[in-house]
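# Structural description and commentary
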Amino acid sequence: MVIVLIIVLSFWVISLFGIDSPGSNRRPVPTDVPPAAAVAPPAIDVHGPGRTSDLLAEWAEPIAEDTNIDPQAVRAYGNAALIAAEAWPGCNLQWNTLAGIGWVETRHGTYTGKLFDAAELDANGVVVPPIVGPALDGTQGFARILDTDNGHFDNDTEFDRAVGPMQFIPESWNRFGRDANGDGYADPQQIDDAALGAANLLCSGGRDLSTAEDWQSAILGYNHSNDYLARVRDAAANYALRQAALR
């Protein structure tokens, strides 16, 4: 029974963290900044009704299989990149940069911070259960950020908490959050909305993410940590190679 449990847990960890099986034929990951662009999504009508990301299903499916990303997340990142190309044409945001952030933050909406309490994207692209980070109360290395949303997004009326698959604090979501799934509400727990909110944040200030300086500035603006930047870069570079991220 113990052996069976270990095997099951091993497969769960491999699935959750994108670890390739032994003997897999992985390609070396470049350390270029910015990372190379992944295969771009095809042009779609991003102004159409409903979830325009669904129009990317055929494009996203083989990428999702190769990279071990939920297909809904791949579609959301591609959709956000297409919207960004129209809204902020000088930004040059690639979908795999968004995917790199999604991987590091929450494993694309599957990691809640609790090993045995994984989340998933439901049929509407909403994280279930909702992902809500620890209180930003100034302890354990966290910043101290008093409540800015009266607990609307994070159910905490004392301190803010990062929420959703792209881990926005409420104050940032109120500035950068956007509705991308056509329901009229910008929801940080919905993967299409969260990806577009992240695109808005990264492209803010007139950044050109095709340059090393602005790409690094954008990622550090998301989380001011060199280790974080390296992990996002590596994940994005892996996705450009159509393989799973490892760290």
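Here's what I pulled together on the structure shown here. Nothing here was measured: the structure is a model prediction, and the numbers come from that model.

What follows deals with the pattern of salt bridges. Throughout the structure, instances matching the rule amount to six salt bridges. Residue Asp54 pairs with Arg75 through a salt bridge whose shortest N-O separation is 3.7 Å. Pair noted here: Asp54 is in the loop between helix H1 (2-17) and helix H2 (57-67) and Arg75 is in helix H3 (residues 71-87), with a separation of 21 residues, a long-range link. Residue classification places Asp54 among the partly exposed positions, given a relative accessible area of 39%.

Among the secondary structure elements, Phe176 is positioned in helix H5 (residues 170-176). In sequence terms Phe176 and Asp154 are 22 residues apart; their C-alpha atoms lie 16 Å from each other. With residues near it in sequence (within four places) discarded, Phe176 still touches Phe168, Gly197, Asn200, Leu201 and Ser204.

Moving on, we get to the layout of surface pockets. Its volume calculated, the largest pocket comes out at about 880 Å³. As for the largest pocket, its lining consists of 34 residues, of which Glu105, Phe142, Ala162, Gln167 and Asn223 are closest to the centre. When residues of the lining of the largest pocket are traced back to their parent elements, those giving at least two are helix H4 (95-106), H5, helix H7 (212-222) and helix H8 (226-240). Across the lining of the largest pocket, the residue classes break down as 17 nonpolar, 10 polar and seven charged.

This part takes up the state of the cysteines. Applying the stated criterion to the full structure yields one disulfide. Between the sulfur atoms of Cys91 and its disulfide mate Cys203 the distance is 2.0 Å. Looking along the S-S bond of the Cys91-Cys203 disulfide, the torsion reads about -80 degrees, which is the left-handed sense. Remark: Cys203 occurs in helix H6 (residues 191-203) and Cys91 occurs in the loop between H3 and H4; sequence separation between them is 112 residues. By relative accessible area, Cys91 is classed as buried at 2%. When its relative accessible area of 5% is taken as the criterion, Cys203 is described as buried.

This next bit is on the nonpolar core. Residues Tyr77, Leu93, Trp95, Leu202 and Tyr222 are the most contacted members of the largest nonpolar core, which totals 58 residues. Every element with two or more residues in this core is listed here: H2, H3, H4, H5, H6, H7 and H8. Apart from residues no more than four positions distant in its own chain, Leu93 is found in contact with Ala81, Ala84, Leu98, Ala199, Leu202, Cys203 and Leu209.

Next up on the list: the packing of aromatic side chains. Applying the stated criterion across every chain, the model contains three aromatic pairs. Between Trp59 and Trp95, the ring centres sit 5.6 Å apart and the planes meet at 85 degrees, which makes this aromatic pair edge-to-face. Here the residue Trp59 occupies a position in helix H2, and Trp95 occupies one in helix H4, the gap between them amounting to 36 residues. A centroid spacing of 5.9 Å and a plane angle of 65 degrees characterise the contact between Phe168 and Tyr222, whose relative ring orientation is edge-to-face. A residue pair is termed long-range when its members are at least 10 positions apart, and Phe168 in the loop between strand E2 (127-128) and H5 and Tyr222 in helix H7 qualify at 54 residues. Exposure remark for Tyr222: the relative accessible area of 13% places this residue in the buried category. Put simply, the rings of Phe168, Trp173 and Tyr222 touch in pairs and so form one group of aromatic residues. Between the NZ or CZ atom of Arg107 and the centre of the ring of Trp103, over which it lies, the distance is 3.9 Å.

Here is what the cut-offs are and how they apply
- Residues numbered from 1 in each chain as written.
- Predicted model: local features only at pLDDT ≥ 70, side-chain atom pairs only at ≥ 80, totals over all residues.
- Heavy atoms only, no water.
- Salt bridge = Lys/Arg side-chain N within 4 Å of Asp/Glu carboxyl O.
- Helix = DSSP H or I, 4+ residues; strand = E, 2+ residues; numbered from the N terminus.
- Buried < 20%, exposed > 50% of the residue type's maximum accessible area, 1.4 Å probe, protein only.
- Contact = heavy atoms within 4.5 Å.
- 1 Å grid on protein atoms, 1.4 Å probe; cavity = no way out; pocket = protein on both sides within 12 Å on 5 of 7 lines; lining within 4 Å.
- Points joined across faces, edges and corners; volume = space filled by probe spheres on them.
- Nonpolar A, V, L, I, M, F, W, Y, C, P; charged D, E, K, R; others polar.
- Disulfide = S-S within 2.5 Å.
- Core = buried A, V, L, I, M, F, W, Y, C linked by side-chain atoms within 4.5 Å.
- Phe/Tyr/Trp six-rings, centres within 6.5 Å; stacked < 30°, edge-to-face > 60°.
- Lys NZ or Arg CZ within 6 Å of the ring centre and 35° of its normal.

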